Amino acid sequence: MPLRTLTDPDHLPALDHRYALERPALGLGAGDPPPRILLLYGSLRERSYSRLCVEEAARLLRFFGAETRIFDPSTLPLPDQVVGDDHPAVHELRELSMWSEGQVWCSPERHGQITGIMKLQVDHLPLSIGGMRPTQGRTLAVMQVSAGSQSFNSVNTLRVLGRWMRMVTIPNQSSVAKAFEEFDDAGRMKPSSYYDRIVDVMEELVRFTILLRPHAAQLVDRYSERKRGFPALACPPALADRRRHHRRLYRAARPQP
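Now for a description of the structure that goes with this document. (Residues numbered from 1 in each chain as written. Predicted model: local features only at pLDDT ≥ 70, side-chain atom pairs only at ≥ 80, totals over all residues. Heavy atoms only, no water.)

Comments concerning helix 5 (residues 193–212)
Basically, it comes down to this: To qualify as a helix, a DSSP run of H or I must reach at least 4 residues; to qualify as a strand, a run of E must reach at least 2; elements of each kind are numbered from the N terminus. Helix span is expected to be 1.5 Å times the residue number reduced by one. Burial classes follow relative accessibility: with a 1.4 Å probe on protein chains only, a residue under 20% of its type's maximum area counts as buried, one over 50% as exposed, and anything between as partly exposed. For this analysis, a polar contact is any N or O atom pair within 3.5 Å, provided that within protein one partner can donate a hydrogen and the other can accept it, and provided that sequence-adjacent residues contribute only side-chain to side-chain pairs.
Given a rise of 1.5 Å per residue, 20 residues ought to cover 28 Å, and the 28 Å separating the end C-alpha atoms of helix 5 matches this to within 8%. Within helix 5, the full set of buried residues consists of Tyr-195, Ile-198, Val-199, Val-201, Met-202, Glu-203, Glu-204, Leu-205, Val-206, Thr-209, Ile-210 and Leu-212. N-capping of helix 5 is provided by Ser-192, with a side-chain oxygen placed 3.2 Å from the backbone N of Tyr-194.

Printed below as a string of structure tokens:
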């Protein structure tokens, strides 16, 4: 399977445990089962800083009580290169997206934009597959790495893509400047304000994922899709029940005379 194996998953040398909350979403909703987070990165280099950032993010997410999977895009074909996109890596990516409740996207900035590898992965995630929606309603955290000074071109583009994919993109984000200076020889991120920001972003992602978990189905329930999905003048029992429930909530919320 095209999944990255996370080395030293519980070793967090740059994290100051005196200030870290192991369950940052405690009290916001049900934390069991653990929130499921898919992480995507945008470079195939042997020493890929977007991958190293994603691996640091995955370790933090595990510390915060999440279950993580990192997709390896190295065998992913171009869109339409394989008839019907019938390729094992494409199937795996879509299944992982369906599995996830939240996602992390991290791209290098190349020529002022996200990389083709990053866009390739998003391009293989359709809005709908047989009535199932692999991205809609899921939370999203965006990050980027740069070879030079700090920039926000890639995270801005990732936000546009997240909105297009109907995801709930969290407010915080991470942009690591001069990424080659931020990692040691073992590929671990050094203590810095950049690392602290990644901790902040992953904390926030877990909080939003847990907070939205009980409301995910309702947040993606749309009039236009209900209208397309049901025959004219028909009202399925499940939809009728939902409408009655909404009427009860509306009546209960109205001020009493």
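Overview of the environment of Pro-77
This is how the line gets drawn: The contact rule is simple, with two residues in contact once any of their heavy atoms fall within 4.5 Å.
Examined against the element boundaries, Pro-77 turns out to sit in the loop between strand 2 (67–70) and helix 2 (88–99). Note: C-alpha distance between Pro-77 and Val-90 (13 residues apart in sequence) is 7.8 Å. Discounting chain neighbours no more than four positions away, the residues touching Pro-77 are Val-82, His-87, Val-90, Leu-120 and His-124.

Some thoughts on the pairing of strand 4 (residues 139–145)
To keep things clear, this is the line we draw: Here a strand pair is declared whenever DSSP counts at least two bridges between the two strands. A clockwise course of the path from the first strand over the helix to the second, judged with the strands pointing away from the viewer, identifies a crossover as right-handed.
Most of strand 4 sits out of view: 7 of its 7 residues are buried. Neither face of strand 4 is exposed, since Thr-139, Ala-141, Met-143 and Val-145 on one face and Leu-140, Val-142 and Gln-144 on the opposite face are all buried. Relative to strand 4, strand 3 (residues 102–108) runs parallel, the two sharing 7 bridges. Bridging from a neighbouring strand, Gln-103 pairs with Leu-140 of strand 4. The parallel pair strand 3 and strand 4 is bridged by helix 3 (residues 116–123), and the resulting crossover is right-handed. With 2 bridges joining them, strand 4 and strand 5 (residues 168–169) adopt parallel strand pairing. For Thr-139, the partnering residue across the bridge sits in strand 5 and is Val-168. By the bridge criterion, 3 bridges tie strand 4 to strand 6 (residues 174–176) in an arrangement that is parallel.

So, unusual backbone geometry
Cis geometry is found at the peptide bond from Asp-32 to Pro-33, where omega equals 5°. Structurally, the position occupied by Pro-33 is in the segment before strand 1 (36–41). A positive phi angle is found at Asp-8, which is not glycine, with a value near 45°. Looking at the element boundaries, Asp-8 is found in the segment before strand 1.

Here's the deal with the nonpolar core
For clarity, the threshold we go by: Here the nonpolar core consists of buried residues drawn from Ala, Val, Leu, Ile, Met, Phe, Trp, Tyr and Cys, with membership extended through side-chain atoms lying within 4.5 Å.
Counting residues in hydrophobic clusters, the biggest one holds 39 residues, and the most contacted among them are Leu-39, Leu-60, Leu-61, Val-104, Ile-198 and Met-202. Elements supplying a minimum of two residues to this core: strand 1, helix 1 (49–63), strand 3, strand 4 and helix 5. For this core, the element with the highest residue contribution is helix 1, accounting for 9 residues. Contacts of Leu-60, omitting those with residues within four sequence positions, involve Leu-12, Leu-15, Tyr-195, Ile-198, Val-199 and Met-202. Ala-89, Leu-140, Val-142 and Val-155 belong to the second largest nonpolar core, which has 21 residues in total.

Quick look at the environment of Val-90
Along the chain, Val-90 falls in helix 2. By relative accessible area, Val-90 is classed as buried at 0%. Considering only alpha carbons, one finds Val-90 and Pro-79, 11 residues apart in sequence, at a separation of 9.3 Å. Discounting residues that sit within four places of it in the chain, Val-90 has contacts with Leu-76, Pro-77, Asp-85 and His-124.

Regarding the pairing of strand 3
The buried count for strand 3 comes to 7 of 7 residues, which makes it a mostly enclosed element. In strand 3, alternate side chains face the same way, and those of Gly-102, Val-104, Cys-106 and Pro-108 on one face and Gln-103, Trp-105 and Ser-107 on the other are all buried. Relative to strand 3, strand 1 runs parallel, the two sharing 5 bridges. Paired with Tyr-41 across the strands is Cys-106, a residue of strand 3.

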